[in-house]
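The chain contents come next:
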Amino acid sequence: MPDLTLSAALSHTAVEDLNQLRDRIVTCLGKLTDDQIWARAASNENAIGNLVLHLCGNVRQWIGFGLGGKPDIRVRDREFQAQGGATRQELAERISAVVDDAVAVISSLDEAALLRPTTVQGYNVTGVAVLVHVVQHFGQHTGQIILLTKHATGEDLGFYAHLSNPTHAEKTP
């Protein structure tokens, strides 16, 4: 990796993480039926479809609005109320488009933008805090989606199969 400023390194890491996590969600969606995507084991649990809608809303609000200046159109409660209505293909396209839009915003940020105060969901934060929040939040829900996919399919998704390769050079994923 070339010499980077701290702000460029932070932006680069956020972009890499969001892309990797999005790809894992898309992989999960591809292994499930639409019924499995919208299944809930109990009424107080979220379906994978709800988690994908929630991530789309969160990223659009925090990155698109908070850092990109786009309108804040989020209605958070709808993300959890949905009980279908989007296929696995539609959800994969939505999460991909949202991450692509976020990547474009993140890639345009300079140090001043990362240090600038903004308010999202009533929280007064900096651009740095927005990136940390979004990546952490995205990772948390991606883990839930992976676990639910493993439960539904009974298979190992192979995200870390390369670590079992004897020629693998240890590095941070």
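Structure's up top.
None of the values given here were measured: they were computed from a predicted structure. (Residues numbered from 1 in each chain as written. Predicted model: local features only at pLDDT ≥ 70, side-chain atom pairs only at ≥ 80, totals over all residues. Heavy atoms only, no water.)

Caption draft 1: Here's a closer look at the overall build of the chain. In terms of regular secondary structure, the chain is built from seven helices and two strands. Listed N to C, the secondary structure of the chain is α-α-α-α-α-α-β-β-α in terms of helices and strands. The globule rule puts the C-alpha radius of gyration for 173 residues at 16 Å, and the 17 Å found for the chain is close to it. Once the C-alpha set of the chain is aligned to its principal axes, its extents read approximately 50 × 45 × 25 Å. Going through the 173 residues of the chain one by one, you find that 38% of them count as buried. Element-wise, carbon and sulfur atoms account for 52% of the exposed surface of the chain, whose accessible area totals about 9700 Å². Of the charged side chains in the chain, 14 are positive and 19 negative; the average position of the first set lies 4 Å away from that of the second. (Helix = DSSP H or I, 4+ residues; strand = E, 2+ residues; numbered from the N terminus. Rg over C-alpha atoms; globule rule 2.2 N^0.38 Å. Buried < 20%, exposed > 50% of the residue type's maximum accessible area, 1.4 Å probe, protein only. Areas by Shrake-Rupley, 256 points an atom, 1.4 Å probe, with all protein chains shown as cover. Lys, Arg positive; Asp, Glu negative; His and termini not counted. Charge placed at Lys NZ, Arg CZ, Asp CG, Glu CD.)

Caption draft 2: Up close: the packing of helix α1 (residues 6-30) against helix α5 (residues 88-107). The geometry of α1 relative to α5 is characterised by a closest axis approach of 10 Å and an angle of 175° between their N-to-C directions. Of the possible angle classes, the one that applies to α1 and α5 is roughly antiparallel. Note on element contacts: α5 touches α1 through Arg 88, Leu 91, Ala 92, Ile 95, Ser 96, Val 99, Asp 100, Val 103, Ile 106 and Ser 107, opposite Ser 11, Ala 14, Val 15, Leu 18, Asn 19, Arg 22, Ile 25, Val 26, Leu 29 and Gly 30. (Axes fitted to C-alpha atoms, helices over the stretch in contact; angles between N-to-C directions. Parallel < 35°, antiparallel > 145°, perpendicular 65-115°, else oblique. Contact = heavy atoms within 4.5 Å.)

Caption draft 3: Expanded view of the environment of Ala 86. Here Ala 86 lies in the loop between α4 (76-81) and α5. With 23 residues separating them along the chain, Ala 86 and Ile 63 place their C-alpha atoms 23 Å apart. The contact partners of Ala 86, leaving out residues within four places of it in the chain, are Trp 38, Leu 91 and Arg 94.

Caption draft 4: Summary view of the pairing of strand β1 (residues 117-120). Only one face of β1 is covered, namely the one carrying Thr 118 and Val 120; the face carrying Pro 117 and Thr 119 has none of its residues buried. Bridge count between β1 and strand β2 (residues 123-126): four bridges; the pairing is antiparallel. Residue pairing for β2: Thr 119 is matched across the bridge by Asn 124. What sits between β1 and β2 in their antiparallel hairpin is a turn of two residues, with Gln 121 showing a positive phi close to 55°. (Pairing = 2+ DSSP bridges.)

Caption draft 5: Broad picture of the state of the cysteines. Inspection of every chain in the model, using the stated rule, returns zero disulfides. Its sulfur unpaired, Cys 28 is 15 Å from the next cysteine sulfur, which belongs to Cys 56. Since its relative accessible area comes to 1%, Cys 28 is described here as buried. Residue Cys 56 is classed as buried on the basis of its relative accessible area of 2%. (Disulfide = S-S within 2.5 Å.)

Caption draft 6: The side chain of Gln 61, seen in detail. The topology assignment puts Gln 61 in helix α3 (residues 48-65). Looking at Gln 61, its side chain comes within polar contact range of the side chain of Asp 72, at 3.2 Å. (Polar contact = N/O pair within 3.5 Å; in protein donor to acceptor, adjacent residues only side chain to side chain.)

Caption draft 7: Examining the pattern of salt bridges more closely. Taken as a whole and assessed by the stated rule, the structure comprises four salt bridges. Glu 79 is the salt-bridge partner of Arg 74, the closest N and O atoms lying 2.7 Å from each other. Here Arg 74 and Glu 79 have matching classes, each one buried. Put simply, Arg 22, Asp 23 and Asp 100 are held in one network by salt bridges that share partners. (Salt bridge = Lys/Arg side-chain N within 4 Å of Asp/Glu carboxyl O.)

Caption draft 8: Broad picture of the environment of Ala 152. Inspection of the secondary structure assignment puts Ala 152 in helix α7 (residues 127-153). Residue classification places Ala 152 among the partly exposed residues on the basis of a relative accessible area of 38%. Considered as a pair, Ala 152 and Thr 33 are 119 residues apart in the sequence and their alpha carbons are 9.7 Å apart. Ala 152 has contacts with Leu 32 and Gln 36, leaving out every residue within four places of it along the chain.

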